[in-house]
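One letter stands for each residue in the lines below.
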Amino acid sequence: MSEFERYREHADAAARLLGAAQEVRATAVSSPLDIGNAERAHRQIVAEAQVHAALAQAAAMALSSGADGPR
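Just so it is clear, the model here is predicted, and its values are computed rather than measured. (Residues numbered from 1 in each chain as written. Predicted model: local features only at pLDDT ≥ 70, side-chain atom pairs only at ≥ 80, totals over all residues. Heavy atoms only, no water.)

> Please provide a residue-by-residue account of the overall build of the protein chain, values included.
Secondary structure assignment for the protein chain yields 2 helices and 0 strands. Scored against the burial criterion, the 71 residues of the protein chain give a buried share of 20%. Within the protein chain, residue pairs in contact and separated by at least 24 positions form 71% of the contacts whose partners lie at least 6 positions apart. Carbon and sulfur atoms form 58% of the exposed surface of the protein chain, whose accessible area is close to 4800 Å². (Helix = DSSP H or I, 4+ residues; strand = E, 2+ residues; numbered from the N terminus. Buried < 20%, exposed > 50% of the residue type's maximum accessible area, 1.4 Å probe, protein only. Contact = heavy atoms within 4.5 Å. Areas by Shrake-Rupley, 256 points an atom, 1.4 Å probe, with all protein chains shown as cover.)

See below:
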């Protein structure tokens, strides 16, 4: 897998996860238990998205320093 493909994969995953996190938060019903569960799920999804964003950033940096893949 080229660095560009790695970048695209992780950037796309981060975007999908952030969208999912927004949906989880938006669909929480108004009971305290459901809100608590939604908040925990939201934090977990955002953490996963941050990992993918960091991996995408690392791939972008590799690309800018001359690694393989299109520019």
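> Break down helix 1 (residues 3-27) for me, citing the residues and quoting the values.
With 25 residues, helix 1 extends 36 Å from end C-alpha to end C-alpha; this agrees with the ideal 36 Å at 1.5 Å per step. Where helix 1 is concerned, the buried positions are Glu3, His10, Ala13, Ala14, Leu17 and Ala21. (Expected span 1.5 Å × (residues − 1).)

> Residues and numbers for the environment of Ile45, please.
Inspection of the secondary structure puts Ile45 in helix 2 (residues 32-64). With 31 residues separating them in the primary sequence, Ile45 and Ala14 have C-alpha atoms 9.4 Å apart. Among residues more than four places away in sequence, those in contact with Ile45 are Leu17, Ala20, Ala21 and Val24.

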